[in-house]
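Residue-level structural notes
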Amino acid sequence: MVIKVCVGSSCHLKGSYEVVEAFKSLVKKYNVQDRIELQASFCLGNCLQGVSAAVEDFGDAEVQESEQVKRTEAGLLLSHLKSDNTEKVFVDTILPLLK
């Protein structure tokens, strides 16, 4: 699975560095380093709902969509990420995709 966190101008100003660091810590905390690749990405086209991240290569797993999680042709688009809600999104959305 690949998680691409937007580091474009808008998301950068909204705290993408802290979200990247949170994802790094969570990947290590939940011992999924061999199953998740973190990448930075310039603009994901979701500037008004930043910080955003795209999740790719997760197979055909069921996904519970919400205001913060949307299925797209390329995978999932996560929005409104902040350092204080990244773990909840990771546990509720990302980890179930790995099963």
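This section reports on the structure supplied with the text.

Taking strand neighbours across the sheet as the criterion, the five strands line up as β2-β1-β3-β5-β4 in an open arrangement whose pairing is mixed. On the outer flanks of this sheet lie β2 (37-41) and β4 (69-72), each paired with one strand and no other. Across the sheet, the mean angle separating the axes of adjacent strands is 25° when strand polarity is ignored. Bridge count between strand β1 (residues 2-6) and β2: five bridges; the pairing is parallel. Its bridge partner being in β2, Val5 is matched across the sheet by Ala40. With respect to the sheet, helix α2 (residues 16-29) is in contact with β1, β2 and β5 (75-78), its orientation differing from that of β1 by roughly 160°. Against the sheet, helix α3 (residues 86-97) engages β1, β3 (53-56), β4 and β5, with an angle of about 175° to β5.

Here we come to the packing of aromatic side chains. On inspection of all chains with the given rule, the structure shows two aromatic pairs. Ring centres 5.7 Å apart and planes at 35° place the aromatic pair Tyr30 and Phe90 in the tilted group. On the criterion of sequence distance, the pair formed by Tyr30 in the loop between α2 and β2 and Phe90 in helix α3 is long-range, its members being 60 residues apart. Relative accessible area serves as the criterion here: at 30%, Tyr30 is assigned to the partly exposed category. Classification of Phe90 as buried rests on a relative accessible area of 0%.

Once that is clear, we can look at the environment of Val89. Its place among the elements puts Val89 in helix α3. Separated by ten residues in sequence, Val89 and Ser79 place their C-alpha atoms 9.8 Å apart. Apart from the residues lying within four places of it in its own chain, the contact partners of Val89 are Gln68, Leu78, Leu81 and Ile94.

Bridging between β3 and β5 involves three bridges; their strand directions are antiparallel. Note on β5: the bridge partner recorded for Ala53 is Leu78. Relative to β5, β4 is paired through four bridges, and the arrangement is antiparallel. Within the sheet, the bridge partner assigned to Thr72 lies in β5 and is Gly75. Hairpin geometry of β4 and β5 is characterised by an intervening segment of two residues between the two adjacent antiparallel strands.

Okay, the nonpolar core next. If you look at the biggest cluster of nonpolar residues, it comprises 27 residues, and the most contacted ones within it are Met1, Ile3, Ile36, Val55, Leu78 and Phe90. Setting aside anything within four residues of it in sequence, one finds Ile3 in contact with Phe23, Ile36, Glu37, Leu38, Gln39, Ala53, Ala54, Val55 and Ile94.

Basis of the calculations
Counting starts from 1 at the beginning of each chain's written sequence and moves along it residue by residue. pLDDT decides what is reported in this predicted model: residues at 70 or higher carry local features, side-chain atom pairs at 80 or more are listed and counted, and totals for whole chains, interfaces and linings draw on all residues regardless. Side-chain measures here rest on the full set of heavy atoms in the structure, leaving out hydrogens and waters. Pairing between two strands requires that DSSP report at least two bridges joining them. A run of H or I in DSSP counts as a helix once it spans at least four residues, and a run of E counts as a strand once it spans at least two, with each numbered from the N terminus. Helix axes use the C-alpha atoms of the stretch in contact, all axes being lines fitted to C-alpha atoms, and the angles between their N-to-C directions lie in the range 0 to 180 degrees. Note on definitions: a residue-residue contact is assigned when non-hydrogen atoms from the two residues lie within 4.5 Å. Each Phe, Tyr or Trp ring (for Trp, its six-membered ring) is paired with any other whose centre lies within 6.5 Å, and the angle between the two planes then decides the class: stacked below 30 degrees, edge-to-face above 60, tilted in between. Summary of the burial criterion: residues with accessible area below 20% of their type's maximum are buried, those above 50% are exposed, and those between are partly exposed, where the area comes from a 1.4 Å probe applied to protein chains only. What makes a nonpolar core is a set of buried Ala, Val, Leu, Ile, Met, Phe, Trp, Tyr and Cys residues whose side-chain atoms join them at distances within 4.5 Å.

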